[in-house]
Every structure is written in structure tokens, then in C-alpha cells.
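Observations on the model geometry
Below, each chain spelled out in residue letters.
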Amino acid sequence: MTPPARLNASASSPCRLRTRFVLRFLKTLVKIKRSTPPPPSPSLSLTSSPEKIGRHSQRIKLAAYSSMARAVGQRRAWSRALMLKLKLSDKRKNRYRWLAARKMKQQKTLRRGCGRILATKRNRSEKGSPSRSCSGVDELRRLVPGGEAMDLGVLLEETAHFVRCLETQVRVMSIIADCFP
Amino acid sequence: MSSRRSRSMQSGSSRITEDQITDLVSKLQRLIPEFRNRRSDKVSASKVLQETCNYIRSLQREVGDLSERLSELLGSLETDSDQASIIRSLLM
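Residues numbered from 1 in each chain as written. Chains lettered and ligands numbered in written order. Predicted model: local features only at pLDDT ≥ 70, side-chain atom pairs only at ≥ 80, totals over all residues. Heavy atoms only, no water.

1. What to know about the overall build of chain A
In terms of regular secondary structure, chain A is built from ten helices and zero strands. Helices and strands appear in chain A in the N-to-C order α-α-α-α-α-α-α-α-α-α. Buried residues in chain A amount to 45% of all 181 residues. The long-range share in chain A, meaning contacts at least 24 apart out of those at least 6 apart in sequence, stands at 62%. Just so you have it, chain A exposes about 10,300 Å², and 54% of that area is on carbon and sulfur atoms. (Helix = DSSP H or I, 4+ residues; strand = E, 2+ residues; numbered from the N terminus. Buried < 20%, exposed > 50% of the residue type's maximum accessible area, 1.4 Å probe, protein only. Contact = heavy atoms within 4.5 Å. Areas by Shrake-Rupley, 256 points an atom, 1.4 Å probe, with all protein chains shown as cover.)

In C-alpha cells:
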């Protein structure tokens, strides 16, 4: 099956979440591509600096998570928390840092749940806390966005949905990556 | 375990029973690829939670690797090539 047919098949399937995610993610990818200045000569494109690739991959990663969160919408606590967190961290890059800092203090619980998603390769060592001696529930609270403020039952439900969405995300991204030779 | 019970006692309006927790944990267990073929009574709840955390971390790592791959591919993508027309046709 040719790759475009494969992607179109997913669009006509009853899996509407996947469709919404695919559409948003592709639109964002095109936007990222357009905002990239074209390399001056073809040979240079192969030797783009690792820093540039790193920045791009971070943008693409954030685009994937935000596309998934927006495709889920307000229906789930984790998607609401993730969207808020991404919006706040986006504001931090603008000049209104004091406002974002104030909001950050209020939303301190959200931060802990999304640290891994926002971490780049450079600061992953500072942010990651690999072996803390806490129970599995605490670890799960840190992984699921907004997990700190949830009851255990809600947390388990949100985790199930979050895992399913992550699997969808990985599947779609690998299909897109396989589209290109 | 005691923290779980005290938490369920503290939440007044939505009291979660142990059965509901067990149901939710078994639902999670069915999602994890490692446990999908095993019988549910052999796996403890803490193991399910631990494996869930590991699975989520591995999925997030995969997302990071795939986005690196996509960024390299995007960089080598010509604006008027076949791939770009594929993407454009999908978005229209």
C-alpha cells in the first residue's frame, strides 16, 4: 500500500481522534517547514549544525504533544493540563515573563507533571530524577500531565487514556517518517 | 497501600472503592504490551504501575527520537517535491 493511501485510510476510519491529531500535526509541520529559512546551497543542508537540528526536533516534539492535546480537547484532565502548561511555557519565551512567573507559581503542580515533555536533551540530566525512592503512584503522577492534583481513580483513568494517545502519536509519527525515503 | 486508603477516605464526594481501583488497574494492565498475554491474577498492582511508568517513559523517548528523525527529514525536504505534494493533498 502506498503511504498516502495508508494515511487516507486512517482518515476515513472511525478513529476520529487519530484523524484530528494527524491533521493538526501535519499543519504544524508545514508551518515549521515554512518558517525554516532554506539553506543557501544544497550541500549545506546535509551539514546543518546539530544545534539547529536539536532546536527543530524540540519544536516538532512540542508540536506533536500540543497537536495531540488539542485533538483531545477539554475532554480530559491531562490534555487540559498539558495545553495550559504549553501555553504558559510559550508565554515565558515572550517578554511578559513576570506574568508567566506569577502564573507558574500558581500552577506549580502542573510543572512537575510535564517536566519530561518540555525537557530538551541538554537539560534532561538536570530535570530528570531517575531513581527517587517513591512509590509507583508518585512516579505516575509526575509522568501524567496534571497528575499531581488528581485522585487515584481519576489518575488511573487519565493514565489509560494518556497511554492510548501516546501510542497513537508514536504510530502516526513513525508512519509520517516512513513516508519519506 | 495505607496512603491509598486514607486518600479514599479523604475524598468525600467521590468515594473510590477498592474494587474500582482494581478494575482500573486491570484496565491499565491490558494496555501495557508486556502484560497483555499474562493472566491478571499473577500481576500485582504495584508492578502494573511500575510497568506503566516504564512504558510511558519509553513512548516519550520514542516521540523524541521520531521528532529528531522528522526534523532531519524536514530539513532535506524540497518545497516542490513529491512528498510536499503528498502533504498538501492530505491537508486540503
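And the narrative resumes.
2. Digging into the interface of chain A and chain B
Across the boundary between the two partners, chain A contributes 49 residues, which contact 40 residues of chain B. Here chain A packs against chain B, burying approximately 4,300 Å² in sum over the two surfaces, 76% of which is carbon and sulfur. Per-residue buried area on chain A facing chain B is highest for A:K33, A:L156 and A:F180; these three make up 14% of the total on that side. Across the contact surface, chain A and chain B share two salt bridges. Measuring nitrogen to oxygen at the nearest pair gives 2.5 Å for the salt bridge that ties A:E139 to B:R57. Taken together, chain A and chain B are joined by three residue pairs in polar contact (both at pLDDT 80 or more). (Buried area = accessible area lost by both parts, 1.4 Å probe. Salt bridge = Lys/Arg side-chain N within 4 Å of Asp/Glu carboxyl O. Polar contact = N/O pair within 3.5 Å; in protein donor to acceptor, adjacent residues only side chain to side chain.)

3. What to know about the pattern of salt bridges
Counted according to the given criterion, the structure contains five salt bridges over all chains. Of the charged contacts in the structure, one is a salt bridge between A:D178 and B:R69, with a shortest N-O distance of 2.8 Å. Placement of the pair is A:D178 in helix α10 (residues 152–179) and B:R69 in helix α3 (residues 45–75), with the two residues belonging to separate chains. According to the relative accessible area criterion, A:D178 is partly exposed, its value standing at 46%. Judged by its relative accessible area of 36%, B:R69 falls in the partly exposed class. A network of salt bridges, in which partner residues are shared, links A:E139, A:R142 and B:R57.

4. Details of the confidence of the model for chain B
Residue and element names in this part refer to chain B. Overall, the prediction assigns chain B a mean pLDDT of 75, with 62% of residues at 70 or greater. α3 holds the highest mean pLDDT among the elements of chain B, 88, whereas helix α1 (residues 2–10) holds the lowest, 51. Within the model, pLDDT remains below 50 along residues 8–13, and this stretch shows three contacts once partners closer than five positions in the same chain are excluded. (pLDDT = per-residue confidence, 0-100.)

5. A closer look at the side chain of A:R142
Along the chain, A:R142 falls in helix α9 (residues 136–143). Separated by 2.8 Å, the side chains of A:R142 and A:E139 make a polar contact.

6. Describing the nonpolar core
Of all hydrophobic cores here, the largest spans 61 residues; its most connected members are A:F25, A:W78, A:L140, A:L156, A:I176 and B:I56. Listed by contribution, the elements that provide at least two residues to this core are α2 (16–35), α4 (50–72), α5 (77–93), α7 (108–118), α9 and α10 of chain A together with α2 (18–31) and α3 of chain B. Among the elements that take part in this core, α10(A) stands out by supplying 14 residues, more than any other. Those residues in contact with A:L156 that lie beyond four places of it in its chain are A:L140, B:I21, B:L24, B:V25, B:L28 and B:L49. (Core = buried A, V, L, I, M, F, W, Y, C linked by side-chain atoms within 4.5 Å.)

7. Side note on the packing of α9(A) against α3(B)
Running from N to C, α9(A) and α3(B) point in directions that differ by 25°, and their axes come no closer than 9 Å. For the element pair α9(A) / α3(B), the angle class is roughly parallel. When the axes of α9(A) and α3(B) are compared, the crossing they make is left-handed. Between α9(A) and α3(B), the contacting residues are A:G136, A:V137, A:E139, A:L140 and A:L143 on the first element and B:L49, B:T52, B:C53, B:I56, B:R57 and B:Q60 on the second. Residue composition of the contact of α9(A) with α3(B), grouped by class: six nonpolar, three polar and two charged. (Axes fitted to C-alpha atoms, helices over the stretch in contact; angles between N-to-C directions. Parallel < 35°, antiparallel > 145°, perpendicular 65-115°, else oblique. Left-handed = near helix turned anticlockwise from the far one by under 90°. Nonpolar A, V, L, I, M, F, W, Y, C, P; charged D, E, K, R; others polar.)

8. Regarding α2(B)
Residues and elements named next belong to chain B. Its 14 residues give α2 an end-to-end C-alpha distance of 20 Å, which sits within 8% of 20 Å, the value for a rise of 1.5 Å per residue. Among all positions in α2, only I21, L24, V25, L28, Q29 and L31 are buried. Buried positions in α2, seen along its axis, are confined to an arc of 155° and lie on one side of it. Of the exposed residues in α2, those oriented more than 90 degrees away from the buried face are D19, D23 and R30. (Expected span 1.5 Å × (residues − 1). Arc of directions from axis to C-beta.)

9. Let's talk about a positive patch on the surface
Residue and element names in this part refer to chain A. On the surface, R24, K27, K31, R59, R70, R92 and K93 cluster together into a positively charged patch. Elements with a minimum of two residues in the positive patch: α2, α4 and α5. For the positive patch, the leading source of residues is α2, giving three residues. Relative to the helices and strands, R92 resides in helix α5. On the basis of relative accessible area, R92 is assigned to the partly exposed category, the value being 36%. (Patch = residues over 30% accessible without salt bridge, like charges linked within 9 Å, V, L, I, M, F, W, Y side chains within 5 Å. Lys, Arg positive; Asp, Glu negative; His and termini not counted. Charge placed at Lys NZ, Arg CZ, Asp CG, Glu CD.)

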